[in-house]
Amino acid sequence: MLNVLMNVVMLNVLMNAFGIAGRYLEAESIFHHIKESVSLGFTLDVVTYTTLMKAFIRAKKFDKRNGIRWMHSG
């Protein structure tokens with residue numbers, strides 16, 4: 001088994017793969033993991049936000065009226 005250290009770049013790639021597969025809830029879960037892992041040095045960046053938005057758009061689950069507010073909330 002490979003012992004791989006996760007970083008934000010790898011998590012963004014994983015979010016993108018889930019988005020391409022139409023699995024937007026898994027992409028959202030990774031987004032929240034990054035958001036909750038600030039103490040480990042993870043930070044949300046423009047790539048992370050864009051990748052999550054693309055996952056929701058691909059699944060036709062993104063509401064542009066509420067999407068940005070949701071991503072910045074709590």
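Here is a short report on the structure shown in this document.

Describing the packing of aromatic side chains
Step number 1: Summed over all chains, the structure comprises 2 aromatic pairs.
Step number 2: For the ring pair Y24 and F56, a centre distance of 5.1 Å and an interplane angle of 65 degrees mean the geometry is edge-to-face. Of this pair, Y24 sits in helix α2 (residues 24–36) while F56 sits in helix α3 (residues 46–58); the two residues are 32 residues apart in sequence, bridging distant segments of the chain. Each of the two residues, Y24 as well as F56, counts as buried.
Step number 3: Here the aromatic rings of F31 and Y49 are separated by 5.6 Å at their centres, their planes lie at 65 degrees, and the arrangement is edge-to-face. Here F31, found in helix α2, pairs with Y49, found in helix α3; they are 18 residues apart in sequence, far enough to count as distant.

Description of the packing of helix α1 (residues 8–20) against α3
Step number 1: Interaxial distance between α1 and α3 falls to 8 Å at its minimum, and their mutual angle equals 10 degrees. What the angle tells us is that α1 and α3 run roughly parallel. Every residue of α3 that contacts α1 at V8, N12, M15, N16, G19 and I20 is listed here: V47, T48, T51, L52, K54, A55 and R58.
Step number 2: Of the residues belonging to the contact of α1 with α3, the class tally is 6 nonpolar, 5 polar and 2 charged.

Topic: the environment of N12
Step number 1: Topologically, N12 is positioned in helix α1.
Step number 2: Spatially, the C-alpha atoms of N12 and I34 are 9.4 Å apart, while their sequence positions differ by 22 residues.
Step number 3: Non-local contacts of N12, meaning those with residues more than four positions away in its chain, are made with I34, D45, V47, T48 and T51.

Regarding the environment of I34
Step number 1: Note on placement: I34 falls in helix α2.
Step number 2: When neighbours within four sequence positions are excluded, I34 is seen to be in contact with L11, N12, M15, F42, T43, L44 and T48.

Overview of the environment of K54
Step number 1: Examined against the element boundaries, K54 turns out to sit in helix α3.
Step number 2: For the pair formed by K54 and M15, sequence separation is 39 residues and the distance between their alpha carbons is 9.7 Å.

Thresholds applied
- Residues numbered from 1 in each chain as written.
- Predicted model: local features only at pLDDT ≥ 70, side-chain atom pairs only at ≥ 80, totals over all residues.
- Heavy atoms only, no water.
- Phe/Tyr/Trp six-rings, centres within 6.5 Å; stacked < 30°, edge-to-face > 60°.
- Helix = DSSP H or I, 4+ residues; strand = E, 2+ residues; numbered from the N terminus.
- Buried < 20%, exposed > 50% of the residue type's maximum accessible area, 1.4 Å probe, protein only.
- Axes fitted to C-alpha atoms, helices over the stretch in contact; angles between N-to-C directions.
- Parallel < 35°, antiparallel > 145°, perpendicular 65-115°, else oblique.
- Contact = heavy atoms within 4.5 Å.
- Nonpolar A, V, L, I, M, F, W, Y, C, P; charged D, E, K, R; others polar.

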